[in-house]
Amino acid sequence: MIDEALVKHIARLARLDLSDNERVKIQRDLSSILDYITHLNEIDVKGVEPFCSAASLYSVMRDDDVVPESLRVIQEIRDQFPHREGAYLKVKEIL
Amino acid sequence: MDFSRLTIKEIHKSLLDRDFSARELAMHYLDRIRKEESEIAAFLSTSEDLALEQAEQTDKKIAAGEELPLLSGVPCAIKDVILVEGLLCTAGSRILENYKAPYDATSIVRLKSQGAVILGKTNLDEFAMGSSTEHSAFKITRNPHDLERVPGGTSGGSAAAIAADECVFSLGSDTGGSIRQPASFCGVVGLKPTYGAVSRYGLMAHASSLDQIGPLARTVQDCEAVFDAIKGRDPKDSTSAEYPSSSTGRGLNNAIIGVPKEYFGEGLESQTREIIEKAIKKAQKAGAKIKEISLPHSEYALSCYYLIVASEASANLARFDGIKYGSSEPAPDLLEVYSKSRGSGFGAEVKRRIMLGTFALSSGYYDAYYLKAQKARTLIKQDFVDAFKTVDFIFTPVSPFPAFKIGEKVDDPLKMYLSDILTVPISLAGVPALSLPVGKDGHLPVGMQIVGKHFDESGIFQISGQLEKILG
């Protein structure tokens, strides 16, 4: 079921550059993993709600206030931008 | 002074009695690391300056006669997927090879506030994806019990460092068995806490509906001391819970222990089975009531788990795109910066999971794979809810086999995934579980998985501690 075109399509969706060799291997690996997984079809899930959380969680709300982060941390994060101009993160033009 | 294999309480007492200083203890462990690392390779980096500075703070407190928290001066190691301010945090990945943590994870803030001494960062499978630590982009960690074998994974470095006496305790993270399985393979105690029991702020996200930070240590009591220090609600992690103080209050003498038949079936090696059954018999002798139970959807857990974990990982790892942090490949346009940076920065297993997850979430396949897995997960969780109506704890093996040989499974993803078959259902249900060393298959340690009700870590510690004594 997993053919070369599908592997290319998924890789594009995942924004993932793959070499020809990697594509071949992933096509093979995904096929065998999905083969294994097909036994999930035996379970009757009629009327079963999809899982939502492992904890009995409730919606957590907080006041919509800015909690200032330390400037030192901000500076540390900025210093690790791969490309920057002044205090700004720099990216390639989109349009 | 013999520093080897002291427990946290022994260290605490010795520091108070001034038998040795925190600095001497830290120097001893840094020395141990220098000696052992050429063989074990449990650490990706060491933090000597930080360790000595922290040790000095403990010594100052002792000199000033101040109150000394239990973990003060105790040397530890941290899985390299948990942020420690100022130290590299690579997640075992090329894409973060030079990434320096800008702040402390909440679990680290809590360890530091007790005065724990951080010796370094431990090796792991890249982004905590794997079962042997062989998927690290940097090095192969070896099992201290047999250097030809893996330490388990993904917290392999954290488990091996304790087994090789390179630290007193460590932090790991567990998504589908990543604390329990290496603890089992290396013969140490490891706890995967209840989902929500420990803040994940500052833990690099793998699969957010499953990830938990937890302690590894030499003894149950040490493990409990570390868990007590890191547990509890954190405003910076909205999935963390206010930790309730209730417990079943059951010891081995009055506990009902469930033994699920599905965990003792095909694939379980006979030596492992014997060791686990012997430990269960010992528990019975100590007064526990043993009850055979069924967790009927267990056989679907592995498939369900790998679909969910890959789906969540494919979304979580979208942030590594060559833009905000990590390595960035030059390319003519933005899209290519993303795909080239990710293509060259991620290793084979990470790519495989991103592809599987993207597939399972993609239009046309979502209902058949992701949604189906989420429904199966509801049934798997319900199995545990039902079982815990009649039992207090569940005992199972941690892994169907002891530590396997380096290279044995690394090229066959399905074979590797099967190592997790007995730990992933517990993760899907979100309940806590501890791996306790209960015997050896030849020279290889075997761990028993002690599973408890949501937030009944104290119950798990109590009966694990009793078993530890009995099995001596």
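Scroll up for the structure.
Residues numbered from 1 in each chain as written. Chains lettered and ligands numbered in written order. Predicted model: local features only at pLDDT ≥ 70, side-chain atom pairs only at ≥ 80, totals over all residues. Heavy atoms only, no water.

Visitor: It is not clear to me how the overall build of chain A should be interpreted in this structure. Could you clarify?
Guide: Tallying secondary structure elements over chain A gives three helices and two strands in all. In sequence order, the secondary structure elements of chain A are arranged as α-α-α-β-β. Relative to the globule expectation of 12 Å for 95 residues, the C-alpha radius of gyration of chain A, 23 Å, shows a markedly less compact shape. Structurally, chain A occupies a C-alpha span of about 55 × 45 × 25 Å along its principal axes. When burial is assessed residue by residue, chain A has 28% of its 95 residues classed as buried. Counting only carbon and sulfur atoms, one obtains 53% of the accessible surface of chain A, whose full area is about 7100 Å². Treating the 13 positive side-chain charges of chain A as one cloud and the 18 negative ones as another, the clouds have centres 6 Å apart. (Helix = DSSP H or I, 4+ residues; strand = E, 2+ residues; numbered from the N terminus. Rg over C-alpha atoms; globule rule 2.2 N^0.38 Å. Buried < 20%, exposed > 50% of the residue type's maximum accessible area, 1.4 Å probe, protein only. Areas by Shrake-Rupley, 256 points an atom, 1.4 Å probe, with all protein chains shown as cover. Lys, Arg positive; Asp, Glu negative; His and termini not counted. Charge placed at Lys NZ, Arg CZ, Asp CG, Glu CD.)

Visitor: Hey, could you run me through the overall build of chain B in this one?
Guide: If you tally the helices and strands in chain B, you get 15 helices and eleven strands. For 472 residues, the compact-globule estimate of 2.2 N^0.38 gives 23 Å, and the C-alpha radius of gyration of chain B, at 21 Å, lies within 12% of that figure. A principal-axis box enclosing the C-alpha atoms of chain B has dimensions of 65 × 60 × 45 Å. Within chain B, the fraction of its 472 residues that count as buried is 65%. Taking the contacts inside chain B whose residues are at least 6 apart along the sequence as the reference set, 75% of them involve residues at least 24 apart. In the structure as shown, chain B presents an accessible area of about 15600 Å², 49% of it carried by carbon and sulfur atoms. (Contact = heavy atoms within 4.5 Å.)

Visitor: What's the story with unusual backbone geometry in this structure? I'm lost.
Guide: Apart from glycine, the bulk of residues carry a negative phi angle, and the bulk of peptide bonds sit in the trans form. Residues and elements named next belong to chain B. Along the chain, glycine 153 connects to threonine 154 via a cis peptide bond; the corresponding omega equals 20°. Along the polypeptide, threonine 154 turns up in the loop between strand 3 (117-122) and helix 5 (156-163). For phenylalanine 127, which is not a glycine, the phi torsion comes out positive at approximately 50°. When its relative accessible area of 2% is taken as the criterion, phenylalanine 127 is described as buried. Phi angles above zero are rare outside glycine, and aspartate 165 is one such case at about 55°. As for its placement among the helices and strands, aspartate 165 is situated in the loop between helix 5 and strand 4 (169-174).

Visitor: Can you help me understand the packing of aromatic side chains in this one?
Guide: Residues and elements named next belong to chain B. Within this structure, the stated rule accounts for 16 aromatic pairs over all chains. Where tyrosine 99 meets tyrosine 325, the ring centres are 5.7 Å apart and the plane angle is 70°; that geometry is what we call edge-to-face. One end of the pair, tyrosine 99, is in the loop between strand 2 (75-79) and helix 4 (106-114); the other, tyrosine 325, is in the loop between helix 9 (301-316) and helix 10 (334-345), and 226 residues separate them in sequence. Given the relative accessible area of 11%, tyrosine 99 is considered buried. The partly exposed category is assigned to tyrosine 325, whose relative accessible area is 22%. With a centroid separation of 4.4 Å and 35° between ring planes, the pair formed by phenylalanine 359 and tyrosine 365 is classed as tilted. (Phe/Tyr/Trp six-rings, centres within 6.5 Å; stacked < 30°, edge-to-face > 60°.)

Visitor: I'm lost on the nonpolar core in this one. Help?
Guide: The nonpolar side chains of a soluble globular protein tend to be buried with one another. All names here are of chain B. If you look at the biggest cluster of nonpolar residues, it comprises 167 residues, and the most contacted ones within it are Leu111, Phe127, Phe169, Phe384 and Phe395. Looking at this core, the element that brings in the most residues is helix 9, giving ten residues. Among all residues touching leucine 111, those that are not within four sequence positions of it are Leu71, Cys76, Ile78, Ala116, Phe169, Leu171, Val226 and Ile230. In terms of nonpolar packing, the next biggest core, distinct from the first, is built from six residues, Val150, Phe185, Phe404 and Met416 among them. (Core = buried A, V, L, I, M, F, W, Y, C linked by side-chain atoms within 4.5 Å.)

Visitor: Please clarify how the packing of helix 2 (residues 20-37) of chain A against helix 11 (residues 348-361) of chain B should be interpreted in this entry.
Guide: Two packed helices can be described by the angle between their axes and the distance between those axes. One can describe the packing of helix 2 of chain A onto helix 11 of chain B by two numbers: an axis separation of 10 Å at closest approach and a directional angle of 60°. Taken together, the axis directions place helix 2 of chain A and helix 11 of chain B in an arrangement best described as oblique. Pair helix 2 of chain A / helix 11 of chain B crosses with right-handed handedness. Across the interface between the two elements, Glu22, Lys25, Ile26, Asp29, Leu30, Ile33 and Leu34 of chain A of helix 2 of chain A pack against Lys351, Arg352, Met355, Leu356 and Phe359 of chain B of helix 11 of chain B. Among the residues making up the contact of helix 2 of chain A with helix 11 of chain B, the classes are represented as seven nonpolar, no polar and five charged. (Axes fitted to C-alpha atoms, helices over the stretch in contact; angles between N-to-C directions. Parallel < 35°, antiparallel > 145°, perpendicular 65-115°, else oblique. Left-handed = near helix turned anticlockwise from the far one by under 90°. Nonpolar A, V, L, I, M, F, W, Y, C, P; charged D, E, K, R; others polar.)

Visitor: How should I be thinking about the environment of tyrosine 338 of chain B in this particular structure?
Guide: By secondary structure assignment, the location of tyrosine 338 of chain B is in helix 10. Between the alpha carbons of tyrosine 338 of chain B and isoleucine 323 of chain B there is a distance of 7.6 Å; along the sequence they are 15 residues apart. Not counting chain neighbours up to four residues away, the residues in contact with tyrosine 338 of chain B comprise Arg15 of chain A together with Asp321 and Ile323 of chain B.

Visitor: Would you take a moment to explain the pairing of strand 9 (residues 393-397) of chain B for this structure?
Guide: Within a regular beta strand, the side chains point alternately toward one face of the sheet and then the other, so they alternate between its two faces. All names here are of chain B. Counting buried positions along strand 9 gives five out of five residues, so the element sits mostly inside the fold. Across the two faces of strand 9 the burial is the same, with Phe393, Phe395 and Pro397 and Ile394 and Thr396 all buried. Looking at chain direction, strand 9 and strand 11 (residues 444-451) are connected through four bridges and run antiparallel. Of the residues in strand 11, the one forming a bridge with threonine 396 is glutamine 449. (Pairing = 2+ DSSP bridges.)

Visitor: I keep staring at the sheet that holds strand 6 (residues 212-217) of chain B and nothing clicks. Help me out?
Guide: All names here are of chain B. Across the sheet, which stays open at both edges, the eleven strands sit in the order 1-3-2-4-6-5-10-11-9-7-8 with mixed pairing between neighbours. In this open sheet, the two strands that pair with only one neighbour each are strand 1 (43-46) and strand 8 (289-293). Sheet twist, expressed as the mean angle between neighbouring strand axes with direction ignored, is 30°. Where strand 2 meets strand 4, three bridges bridge the pair, whose relative direction is parallel. Considered in strand 4, the bridge of cysteine 76 is made with phenylalanine 169. Sheet contacts for helix 2 (residues 22-40): strand 1, strand 2 and strand 3; angle to strand 3, the most-contacted strand, approximately 20°.

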